[in-house]
Amino acid sequence: MDGPSVKQLAVDGEATRSNAIYSLPGKHNRIATRRPRTTVNDLPHDVLLIILSDVWRATLRPFDSADMHGLTDPELDHLAPYHSRLSPLSQHSVEHIASVSPHWLEAMSNSSEFWTQLVIWTGRDATPLSMVRRYLAWSQDKPVSIDVRRRYDPCVEDRTEKAHAKAIVELLVPHMKRLKLLCMYLLHSSSLPLPHTDLVGRAENLEQLKLEFIFDDAVACPAPLPPSERTFDTPALVELSMGGVHFREAYVAPVPRPLLPPELRYITITDYASDQVPFPVVDLLETLTDPDDCQRLYNRRVNLTNLQLDIYPDADPPRLNDRGTDWYFTDMSGDVIAHYSSLLHHPFVETLSYTRCTLPTYDSPSVCESYYLTLEGIPDSATLGYYIAGSQVSIHDCDGFNSEFLHALAKPFSPGTYGGDESWLCPNLEMLSISGCKRLHSSELRAALEARRRRHEATGFAWLDEMGYVLLSVTHLYVRRCGELAAEDRQWFDKNMEDVQWDDWHGGTGP
């Protein structure tokens, strides 16, 4: 934005009319009086509001659902951990401007546009409840986005957090129909409100609900929960992020279960400890099913982080059809992931991501296949080999991407020779993106991809479902931060790949 900054406006706004003493030529100095100075605070309220509105709009990053959801390309979709993300609202608080001058605050209080995106602080230097009431009143009848955040001091344990959060929620409930976004990021999960119990009413404009925390201390109720007489109706909700205990008690444990909002597309569930009440995988999946077809998972993006769910591999649960849900598993047990795969009729989904996940501890069928697959932080070759089943695969910071893994990628496994039952690791692999894998050597990668290309060529480059199909050859390769590319390997990649990039070098046979 051209023109004066907020800081300069503040300086000018706080300046007072004063006399200036300056020297004139001649034998003696004399005092001259400067004409009274006009500052921004001398402007009429309507003109001042125009200036402040321009400053506010220039510094505010508007609420943008696409931005909050992140990128859709699995190769680039690497969000920071949930507990370190900052909401756009908390970076651009209207208080930064209103606190410059009482005159500015008075002028801004008469315009509702400034008070539709609010940050309410808990912990150190908490926002007084009286100010919260005032801000909500100043927003009049406009839709509002609320960000409740704690200023965390590791040296201080705030024992009043839960009571303070409850008081804030009680102030917000009468305005529920106006909420567009409600993001609460507190120290303890037990301080957060529970939908249908603490959060109630018809929130007809609410698009995002995020109830996030640093320390998980919530305790799940051991008995089945009766349906609440107080409902939380969110027909426009698109994104939901909350802890495992809260999700279970709001949407899974009540009998009958409340339906998830019809427009909900993005779900993040974080933390559920093994010493809590059992939370079976099948219960979670059934909660995510399409209400019109209880055997079909709905089209959503689901992020599961550190959920220690229960599995019953010997039971006979209903088999579900996946309708295109994208799954992102972080710090999850291989037993849970394998059991999830076993519950699907056709274990193939569009997008899968595994971050720091483990191998199953029992014999299990292969995991789901996917078109887009992201693997991150996988420490060993056996685990990497278990999860790699996709067409376009991105591998990031995996120590398991090593010589042992590449040797497995370069040859068929049982029966071990070319024949009708020949099987290869990740046979549909076409695109491979690798970054930060320090145990990668270009010669070993070339040898693996060259062996796969030779086998593909022997079939006449047969495609999926064509006669003689065994596997596909990798045609697109992207490598970053993985060491040097030998000259002879670069020559082979350049000749046999449609598109290849290795750090700053770019080659291939494609246009």
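Since we're looking at a predicted model, the values are computed, not measured.

Novice: Is there a simple way to think about the overall build of the protein chain in this case?
Specialist: Within the protein chain one finds 15 helices and 20 strands. For the protein chain, with 511 residues in total, the buried portion stands at 49%. Relative to all contacts within the protein chain whose residues are 6 or more apart in sequence, the contacts with residues 24 or more apart total 70%.

Novice: I'm lost on the state of the cysteines in this one. Help?
Specialist: Here is the idea: a disulfide is a covalent bond, and it sits between the sulfur atoms of two cysteines. Counted by the stated rule, this structure contains zero disulfides. Between Cys437, a free cysteine, and Cys482, which holds the nearest cysteine sulfur, the sulfur-to-sulfur gap is 4.9 Å. Residue class for Cys437 comes out buried when judged on its relative accessible area of 0%.

Novice: Sorry, what's going on with the sheet that holds strand β10 (residues 293-297) here?
Specialist: Each strand in a sheet pairs with its neighbour through backbone hydrogen bonds, running either in the same direction (parallel) or in the opposite one (antiparallel). On the basis of which strands lie adjacent, the open sheet formed by three strands has the order β9-β10-β12 and mixed pairing. Here the strands that pair on one side only, and so sit at the sheet edges, are β9 (289-290) and β12 (321-322). By the bridge criterion, two bridges tie β10 to β12 in an arrangement that is parallel. Paired with Leu297 across the two strands is Asp322, which belongs to β12.

Novice: Please explain the pairing of strand β1 (residues 117-123) as it appears in this structure.
Specialist: Regular strands place side chains that alternate from one sheet face to the opposite one. For β1, the tally of buried residues reaches six of seven residues, placing the bulk of the element in the interior. In this sheet, strand β2 (residues 144-151) lies alongside β1 in parallel orientation, the contact comprising seven bridges. Counterpart to Leu118 in the pairing with β2 is Ile146. You can see the chain leave β1, run along helix α7 (residues 129-138) and come back into β2, and the turn it takes is right-handed.

Novice: Even after reading the chapter, I still don't get helix α14 (residues 442-458), so can you show me in this structure?
Specialist: Each α-helix winds once per 3.6 residues, and so residues spaced three or four apart point in a common direction. Taking 1.5 Å as the rise per residue, α14 with 17 residues should run 24 Å; its terminal C-alpha atoms sit 24 Å apart, in good agreement. Among the residues making up α14, those that are buried are Ser442, Leu445, Ala448, Leu449, Ala451, Arg452, Arg455 and His456. On the buried face of α14, the contacting elements are α13 (403-409), β17 (431-435), β18 (476-480), α15 (487-496) and β19 (499-502). Backbone geometry just downstream of α14 places Gly460 in the positive-phi region, at approximately 75°.

Novice: What is the right way to read helix α11 (residues 334-342) from this model?
Specialist: Among the nine residues that make up α11, eight are buried, leaving the element largely enclosed by the rest of the structure. Of all the residues in α11, the buried ones are Gly334, Asp335, Val336, Ile337, Ala338, His339, Tyr340 and Ser341. For α11, the secondary structure elements touched by its buried residues are α10 (281-287), β11 (301-307), β12, β13 (326-330), β14 (348-355) and α12 (381-387). The N-cap of α11, judged by a side-chain oxygen 3.0 Å from the amide nitrogen of Asp335 a few residues on, is Ser333.

What counts and how
Residues numbered from 1 in each chain as written. Predicted model: local features only at pLDDT ≥ 70, side-chain atom pairs only at ≥ 80, totals over all residues. Heavy atoms only, no water. Helix = DSSP H or I, 4+ residues; strand = E, 2+ residues; numbered from the N terminus. Buried < 20%, exposed > 50% of the residue type's maximum accessible area, 1.4 Å probe, protein only. Contact = heavy atoms within 4.5 Å. Disulfide = S-S within 2.5 Å. Pairing = 2+ DSSP bridges. Right-handed = clockwise from strand over helix to strand, strands pointing away. Expected span 1.5 Å × (residues − 1). Polar contact = N/O pair within 3.5 Å; in protein donor to acceptor, adjacent residues only side chain to side chain.

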